[in-house]
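# A look at the structure
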Amino acid sequence: MSRRHKEPYLVTVGETLAALSASRPGPLSLGADVRLGLAGAESNVAVGVSRLGGSATWIGRVSDDALGDLILRELRAEGVTTLPVRDPAPTSLLLKERRTTGHNRTYYYRTHSAGSRLVPEDIPEDVVAGAAVLHVTGITPALGDGPARAVARAVDIAADAGVTVSLDINFRSLLWSEAEARAALIPLLRRCDLVFAGQHEAELTVDGAKDPGRLAEGICHFGPASAVIKRGAEGAYALIDGRSYRQPAIPVQVHDSVGAGDAFAAGYLAELLAGEPPERRLRTAALLGAFAVSTAGDWEGLPRRSELRLLDHHDDNVR
Ligand code: KDG
């Protein structure tokens, strides 16, 4: 265990972005209300774990300017340990246009960003080797050769040290093609213990399968002991150390579904860190997913542990 932590911790590697989200439906227009927030799958997971009382460390490149300062300030305020490399390149931007009430359009501005200049030398070996869990996603390897090699190095260090390696496929079609994602992620998958995938992401990984059970088996065939297939409102199917589990989704009113997958992973991983059994990991994962979709922003609405019960019963008004 690293000297920075006294308890089992999760470490994650990735890019945190500034997010500008239009508040009202319609085309972007001059003077529109646009809200500044932060996004990034890996830091979303770190915040989710930290809010549940787990210990989380985030590693990445951060611009040496006001947005970089904001990212670090917010992550630290959330109790996440940050190990940034400050970089003169800018912070990436994610723009969310609410084109209609039910349809968002996302635009990335992340070429040559600080986060995409991550290199293997940025990964502190002692921190990764001392973790209980390393969590990576398919987004960072899509940012370029340096980030792909950095993630591969983190996975190699962790796997060699016996650290549980978790991968969320998180396929982003704006960053690369399905063929590129497969070519880059399958070698990573072979060194992972636990994989999270949406239905489509699992289909992209396992040829010809559609049924969640077959998809999870196909993923585990590459090497991981556990695969969790996230199916949105239909819940999740998991194959964990050879046993299958079904976790229904928690019914809530959907406000903004972006970030739900990260929230789900955070809930699962926080319980894994706490030594909880699969049923509890999946239940908390589903609860965090429900918090994420029923609140604004990727992570801002995620619960503290004491708040889990708000969605964990049938009475909507706690008095
Ligand atoms: O999972 C939510 C992420 O998509 C969002 O936070 C931004 O990391 C992000 C990305 O690259 O899409």
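Overview of the structure. (Residues numbered from 1 in each chain as written. Predicted model: local features only at pLDDT ≥ 70, side-chain atom pairs only at ≥ 80, totals over all residues. Heavy atoms only, no water.)

## Notes on the layout of surface pockets
This is how the line gets drawn: Cavity: a set of points on a 1 Å grid over the protein atoms alone where a 1.4 Å probe fits but cannot get out. Pocket: an open set with protein on both sides within 12 Å along at least five of seven lines, its lining residues, like those of a cavity, having an atom within 4 Å of a point. Grid points are joined across faces, edges and corners, and a volume is the space filled by probe spheres set on the points. Secondary structure counts use DSSP, requiring at least four H or I residues in a row for a helix and at least two E residues in a row for a strand, with both numbered from the N terminus. Ten residue types, Ala, Val, Leu, Ile, Met, Phe, Trp, Tyr, Cys and Pro, are classed as nonpolar, four, Asp, Glu, Lys and Arg, as charged, and the remainder, Gly among them, as polar.
Within this model, the largest pocket holds a volume of roughly 1300 Å³. Along its surface, the largest pocket is lined by 50 residues, and S257, V258, G259, A260 and G261 are the ones closest to its centre. Mapped onto the lining of the largest pocket, the elements with two or more residues apiece are α1 (41-51), β6 (93-100), β7 (103-109), α6 (199-205), α8 (260-273) and α9 (278-293). Classifying every residue of the lining of the largest pocket by side-chain character gives 22 nonpolar, 16 polar and 12 charged.

## Things to note about the packing of α1 against α8
Just so we agree on the cut-off: The axes used here are C-alpha line fits, helices contributing only the stretch in contact, and every angle between their N-to-C directions lies in the interval 0 to 180 degrees. When an angle is under 35 degrees it counts as roughly parallel; over 145 it counts as roughly antiparallel; between 65 and 115 it counts as roughly perpendicular; any other value is oblique. Note on convention: near helix rotated counterclockwise from far helix by under a right angle means a left-handed crossing. Clockwise means right-handed. Pairs of residues are marked as contacts when any of their non-hydrogen atoms sit within 4.5 Å.
The N-to-C vectors of α1 and α8 enclose an angle of 45°; their axes lie 8 Å apart at closest approach. Overall, the two elements α1 and α8 adopt an arrangement that is oblique. Here α1 runs over α8; the crossing is right-handed. Between α1 and α8, the residues in contact are A41, N44, V45, G48 and V49 and D262, A265, A266, L269, A270 and L273, respectively.

## Details of the pattern of salt bridges
Which entries qualify depends on this criterion: Here, a salt bridge means any Lys or Arg side-chain nitrogen found within 4 Å of an Asp or Glu carboxyl oxygen. Using a 1.4 Å probe on the protein chains alone, a residue whose accessible area is under 20% of its type maximum counts as buried, one over 50% counts as exposed, and one in between counts as partly exposed.
Across all of its chains, the model carries 22 salt bridges by this definition. Here R86 ties to D64 by a salt bridge, and the two come within 3.9 Å at their closest N and O atoms. Here R86, found in strand β5 (residues 81-87), pairs with D64, found in the loop between β4 (55-63) and α2 (66-77); they are 22 residues apart in sequence, far enough to count as distant. For R86, a relative accessible area of 33% puts it in the partly exposed group. Judged by relative accessible area, D64 falls into the exposed class, the value being 56%. Put simply, R283 and D312 hold a salt bridge, and the shortest N to O gap is 2.3 Å. Placement of R283 in helix α9 and of D312 in the segment after α9 is noted, with a sequence separation of 29 residues between them. Of the residues examined, R283 reaches a relative accessible area of 31% and is grouped as partly exposed. The class of D312 is partly exposed, set by a relative accessible area of 35%.

## Description of the sheet that holds β6
Note: strands within a sheet are paired through backbone hydrogen bonds, in either parallel or antiparallel orientation. Applied cut-off: Two strands make a pair as long as DSSP finds a minimum of two bridges between them.
Sheet architecture is open: 4 strands sit in the order β3-β2-β6-β7, paired in mixed fashion. The open sheet has two free edges, formed respectively by β3 (34-39) and β7, since each of these has just one partner strand. Within this sheet the neighbouring strands show an average axis-to-axis angle of 25°, counted without direction. Across 6 bridges, the pairing between strand β2 (residues 17-22) and β3 is antiparallel. Directly across from A18, in β3, lies its bridge partner L38.

## What about empty space enclosed by the protein?
Under the definition given, this model contains 4 cavities of 30 Å³ or more. When its volume is computed, the largest cavity comes out at roughly 50 Å³. Among the elements of the structure, β2 and β3 are those that each provide at least two residues to the lining of the largest cavity. Considering every element that reaches the lining of the largest cavity, the biggest residue donor is β3, with 4 residues. A per-class count over the lining of the largest cavity returns 3 nonpolar, 3 polar and 4 charged.

## Points about the site of the ligand
Quick reminder of the rule: Residues are classed as near a molecule or strand on a simple rule: at least one heavy atom within 4 Å of it. In the analysis that follows, any N or O atom pair within 3.5 Å is treated as a polar contact, provided that within protein one partner can donate a hydrogen and the other can accept it, and provided that, for residues neighboring in sequence, both atoms belong to side chains. Note on areas: Shrake-Rupley with a 1.4 Å probe; residue coverage comes only from the protein chains shown.
Contacts to the ligand come from L17, A39, G40, A41, N44, L94, Y108, R110, I139, R172, D262 and D298. A distance of 2.4 Å separates an oxygen atom of the ligand from a polar atom in the side chain of Y108. For the ligand, an oxygen atom lies 2.7 Å from a polar atom in the side chain of R110. Coverage of the ligand by the protein chains reaches 95% of its 310 Å² of free accessible surface. Taken together, the residues of the shell around the ligand break down into 6 nonpolar, 2 polar and 4 charged.

## As for the sheet that holds strand β9 (residues 164-168)
Taken in spatial order, the 9 strands line up as β5-β4-β1-β8-β9-β10-β11-β12-β13 in an open sheet, and their pairing is mixed. The open sheet has two edge strands with one neighbour each: β5 and β13 (243-247). On average, each strand axis in the sheet is tilted by 15° relative to the strand beside it, whichever way the strands run. Pairing of β9 with strand β10 (residues 194-198), which is carried by 3 bridges, proceeds in the parallel orientation. Paired with D168 across the two strands is F196, which belongs to β10. Running over the sheet, α1 touches β1 (9-13), β4 and β8 (133-137) and is turned about 150° from β4. In the packing of α8 onto the sheet, contacts are made with β1, β4, β8, β9, β10, β11 (226-230) and β12 (236-240), and the angle to β10 comes to roughly 160°.

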